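An overview of the molecular structure
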Amino acid sequence: MSSNVSRETLASVLDEIALLLEIEGENPFKIRAYRQGAETVRSYDGDIVAMAREGELEGIKGIGKALQDKLHELATTGTLGFHQNLRGNYPETFFELFEIDGLGPKKVAAVHKKLGIDSIDGLRKACEASELAALSGFGKKTEQKILEAIARREQFADRFHLDAAAHAASVILARLKEHPDVLRAQYAGSLRRSKETVGDLDFIVATSKPAELTRYFAEMDLTDHVIVHGDTKCSIHLENGLQCDLRAVSNDEYPFALQYFTGSKEHNVALRSRALKQGLSLNEYGFSGSSEIPEVHEERDIYSALGLDYVDPALRENRGEIEAAEAGTLPELVSWEQLCGTFHNHTTASDGRDTLHEMAEAAIDLGLTYLGIADHSKSSFQARGLDEERLLTQIEEISAWNSEHGESLRIFAGSEVDILKDGSLDFDDSLLAQLDYCVASVHNAFTLDEKTMTQRIIRAMENEHVTMLGHLTGRLLLKRDEYAVNHDKIIDCAAETRTIVELNCNPRRLDMDWRWWKKARDKGVRCSINPDAHRTEQFQYLRFGADVARKGWLRKQDVINTMNLEEVEAFLALPKSSR
Ligand code: DGT
Ligand code: CA
Ligand code: CA
Ligand code: ZN
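Residues numbered from 1 in each chain as written. Chains lettered and ligands numbered in written order. Predicted model: local features only at pLDDT ≥ 70, side-chain atom pairs only at ≥ 80, totals over all residues. Heavy atoms only, no water.

Some thoughts on the pattern of salt bridges
Applied cut-off: When a carboxyl oxygen of Asp or Glu lies within 4 Å of a side-chain nitrogen of Lys or Arg, that pair is called a salt bridge. Starting at the N terminus, helices and strands are each numbered in turn, a helix being any DSSP run of H or I of at least four residues and a strand any DSSP run of E of at least two. Accessible area is worked out with a 1.4 Å probe on protein chains only. A residue is then buried under 20% of its type maximum, exposed over 50%, and partly exposed in between.
Counted according to the given criterion, the structure contains 37 salt bridges. Here D121 and K125 are joined by a salt bridge, their closest N and O atoms 3.2 Å apart. Taken as a pair, D121 and K125 lie in helix α7 (residues 120-128) at a separation of four residues, close to a single helical turn. Taking the relative accessible area as the measure of exposure, K125 reaches 52% and is therefore exposed. Among the salt bridges present, the one from E326 reaches R274, with a minimum N-O distance of 3.5 Å. Of this pair, E326 sits in helix α15 (residues 321-327) while R274 sits in helix α13 (residues 265-277), placing them 52 residues apart in sequence. A relative accessible area of 18% places R274 in the buried class.

This is the structure we're talking about:
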């Protein structure tokens, strides 16, 4: 009678039932009951898994009798016969079809019924043979879009967001450090360089017992299966499909291995050719050659042996860091500890999960001294955007908080105001003027051509009430490409209009991209590192924000949320043109 299903399992089984019923053309009321049930399970304030197990769901709004029994079965046995039967009508590959962007249940049902398609491969072939265009509700354009979505899925299938990668890395690194034969350990690769997404994790350990360490790594409970296992190297997959490589080296080799496997390849190539000019050959094990061999204990010693200042891993992309290290002009990079507050966060007023008070308490716990709230505006109706009246109510709520708790945390009243299709804003200037600040973002009409889109955003930045520009390109990493926009023109306009540009540090966005920040910074554009938090835990994204800001060569003075409360209040009080 005991099983360990999670709340999310309960909810996702109900969701999948709704999906399958929709495919079968079932009654919409029945479908909706399952969807609603899933939503209730996710948001119910109480231990709903235990209640389902004990058969105590009666009286919960949104969960009728039929669902109560099913949840009870699921919570006690771990499976649900009704669900298994429905699922049994389709092969496993069928369910991948739902991962294709732009292919909802209705379309999946149509291609399944009319063309017998039950896998992504089958779908691709049908598109290539133009079989879909012949169905009603489909066209050449749909086929094209589906093919693009399939290609995108393949391209990204083996990459991971920064939060998943960083979480796994910290757990595994702790395991490695626990081992008594490990002298030093670190993760290298793209994660250490703070790339926006990560292909695999690369760990380096210093040890005198490499074979013992590769065995330990292969046998960790976190390991789903072993890909290769040797005396000094081991590669595994975690349960979520993330590959992890371990290299076990001697303590002398460690700095070289760490440097080499941190990459990037381009940075390493440039470093090696510099070494060669000094008569030294450099690889993952050490220096060799005819010149005197420099003594190396730490990674930093490799750089100094080559006449270079230490290059932070975030900068190692061969984009000018080696020249700057030689000239002694590397920037002193911003750090997470320097962040005093945050802008652009949501609450239950729009599409956030947590209330204003919960968000405020969490910000205090994190040691922040100010918190910017920026809920959606009315045009973002799918996110329950606020209209004028609700925004005014929120401004009052915030001012009440500030009079009562302003000592511990100052809340700034803002809005994430939609930039409408023509570049005008979702609220009048008179309302915007009542806010402490405002973030302007594009949330619809993504398909405008580059010139029109750029003009649209520029028009918004020219508004004196627009303090900052939200997620410039609208990209969703590993999911949705950026829309067309001219970065150079936006950066020039930001510099001229004194509009701050957001570094949205939700790991699904990381937008504006790190590759543009040095240029922006050099033109005097200021950055705001914004977590776009929709729940309290997401304030933690600030850490990724600082990492990516470092990757963009940003210093403390380039990032406005390194200002303390007094400074930021004075800054926001200035007219935009004098900021
Ligand atoms: P990823 O895993 O795709 O996100 O990116 P990285 O940078 O972590 O790449 P990965 O895991 O293939 O290799 C880790 C580092 O090892 C890479 O950044 C540089 C170094 N490396 C790997 N293969 C080569 C190579 O063939 N030549 C050079 N110079 N370096 C390499
Ligand atoms: Ca890697
Ligand atoms: Ca690797
Ligand atoms: Zn937004």
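Overview of the pairing of strand β17 (residues 527-530)
Short version of the rule: By the convention used here, strands pair only if DSSP detects at least 2 bridges between them. Seen with the strands pointing away from the viewer, any crossover whose path from the first strand over the helix to the second strand runs clockwise is right-handed.
The alternating pattern of β17 places C527 and I529 on one face and S528 and N530 on the opposite face, and all of these are buried. With four bridges joining them, strand β16 (residues 500-504) and β17 adopt parallel strand pairing. Directly across from N504, in β17, lies its bridge partner N530. You can see the chain leave β16, run along helix α21 (residues 517-522) and come back into β17, and the turn it takes is right-handed.

A closer look at the coordination of the zinc ion (ligand 4)
Put simply, the rule is: Distances define the donors: N, O and S atoms within 2.8 Å of the metal qualify, as do those within 3.2 Å of Na, K or Ca. Water is excluded, so some sites may look unfinished.
Taken together, the protein donors to the zinc ion (ligand 4) comprise E416 (OE), H443 (NE2) and H471 (NE2), at separations of 2.0 to 2.2 Å. Mapped onto the sequence, the residues coordinating the zinc ion (ligand 4) show the spacing E-x26-H-x27-H. You can see E416 sitting in strand β13 (residues 416-418) and its partner H471 sitting in the loop between β15 (468-469) and α20 (487-497), a full 55 residues away along the chain. Neither residue differs from the other here; E416 and H471 are each classed as buried.

Observations regarding the coordination of the calcium ion (ligand 3)
Around the calcium ion (ligand 3), the donor atoms from the protein are D200 (OD), D200 (OD), D202 (OD) and D245 (OD), and they sit 2.3 to 2.7 Å away. Spacing between the donor residues of the calcium ion (ligand 3) along the chain follows D-x1-D-x42-D. Separating the calcium ion (ligand 3) from the calcium ion (ligand 2) is a distance of 3.7 Å, and D200 supplies a donor atom to each of them. What makes D202 buried here is its relative accessible area of 12%.

Quick notes on the UniProt feature "domain: Polymerase/histidinol phosphatase N-terminal" (unreviewed entry) in the chain
Note the following rule: UniProt positions are given in the numbering used here, feature names are shortened, and annotations may be inferred rather than shown by experiment.
Sites flagged by UniProt as "domain: Polymerase/histidinol phosphatase N-terminal" (unreviewed entry) map to residues 341-421. Across residues 341-421 one finds 35% helix and 16% strand; the C-alpha atoms that close the span lie 31 Å apart.

A short note on the site of ligand 1
Worth spelling out the cut-off: A molecule or strand has a residue near it when one of that residue's heavy atoms lies within 4 Å. Each polar contact in these results corresponds to two N or O atoms within 3.5 Å; when the atoms are within protein, one needs to be able to donate a hydrogen and the other to accept it, and residues that are neighboring in sequence are counted only if both atoms are side-chain atoms. The Shrake-Rupley method, run with a 1.4 Å probe sphere, supplies the accessible areas, and residue values consider only the shown protein chains as cover. Only Asp, Glu, Lys and Arg are considered charged, only Ala, Val, Leu, Ile, Met, Phe, Trp, Tyr, Cys and Pro nonpolar, and every remaining residue, Gly among them, polar. Domain start and end points were adopted from an automatic or database domain assignment.
Residues in contact with ligand 1 amount to 15 residues; listed here are only the nearest, R159, S190, R193, G199 and D200. The contact in question runs from an oxygen atom of ligand 1 to an N or O atom on the side chain of R193, over 2.9 Å. When ligand 1 is considered free in solution it has 590 Å² of accessible area, and contact with the protein chains removes 70% of it. For the shell around ligand 1, the leading source of residues is helix α12 (residues 254-262), giving three residues. Residues of the shell around ligand 1, tallied by class, amount to three nonpolar, six polar and six charged. Of the domains in this structure, domain 2 (158-251) and domain 3 (263-330) are the two that each give at least three residues to the shell around ligand 1.

Regarding the domain arrangement of the chain
Operational definition: Working rule for contacts: check all heavy atoms of both residues, and any pair within 4.5 Å makes them a contact. Once two parts are joined, some of their accessible surface, as seen by a 1.4 Å probe, is lost; buried area is that loss totalled over both.
When its domains are assigned, the chain resolves into domain 1 (7-155), domain 2 (158-251), domain 3 (263-330) and domain 4 (336-578). Computed over C-alpha atoms, the centres of domain 2 and domain 4 are 36 Å apart. Each partner contributes residues to the interface: domain 2 has eleven residues there, and domain 4 has 14 residues. Taking both partners together, domain 2 and domain 4 bury about 1,100 Å²; carbon and sulfur atoms supply 65% of that area. Looking only at domain 2, the three residues that lose the most surface to domain 4 are H161, D163 and E196, adding up to 51% of its buried area. Across the contact surface, domain 2 and domain 4 share two salt bridges. When the shortest N-O distance is used, the salt bridge between R515 and E196 registers 3.2 Å. Our count for the contact surface shared by domain 2 and domain 4 stands at five residue pairs in polar contact (both at pLDDT 80 or more). Among the elements of the structure, β1 (160-161) and α9 (162-178) are those that each provide at least two residues to the side of domain 2 that touches domain 4.

Re the packing of aromatic side chains
Put simply, the rule is: Aromatic rings from Phe, Tyr and Trp, taking only the six-membered ring of Trp, are treated as a pair when their centres fall within 6.5 Å; an angle between ring planes under 30 degrees marks them as stacked, one over 60 as edge-to-face, and anything in between as tilted. Note on geometry: a ring has a charge over it if NZ (lysine) or CZ (arginine) is within 6 Å of the ring centre and within 35 degrees of the ring normal.
Inspection of the entire model under this criterion finds 15 aromatic pairs. Aromatic pair F343 and Y437: ring centres 5.0 Å apart, planes at 65°, arrangement edge-to-face. Of this pair, F343 sits in the loop between β10 (341-342) and α16 (356-365) while Y437 sits in the loop between α18 (429-432) and β14 (439-441), placing them 94 residues apart in sequence. By the burial criterion, F343 is buried, and Y437 matches it. Three or more aromatic residues link up through ring pairs in this structure, and these residues are Y90, F94, F95 and F98. Across the ring face of F95, the terminal group of R87 is positioned such that the distance to the ring centre comes to 3.8 Å. If you follow R543 out to its NZ or CZ, it ends over the ring of W336, 3.9 Å from the centre.

Looking at the sheet that holds strand β7 (residues 243-249)
Across a sheet, strands are paired by hydrogen bonds formed along the backbone, either parallel or antiparallel in direction. As a reminder, the rule being used: For helices, the fitted axis covers only the stretch in contact; all axes are lines through C-alpha atoms, and the angles between them, taken along N-to-C directions, range from 0 to 180 degrees.
The strand order across the open sheet formed by five strands is β2-β4-β7-β6-β5, and the pairing between neighbours is mixed. Taken across any chain shown, the strands that pair with only one partner, and hence form the sheet edges, are β2 (182-187) and β5 (223-229). For this sheet, the mean inter-axis angle between neighbouring strands, taken without regard to orientation, is 20°. Here strand β6 (residues 233-238) pairs with β7 via five bridges, running antiparallel.

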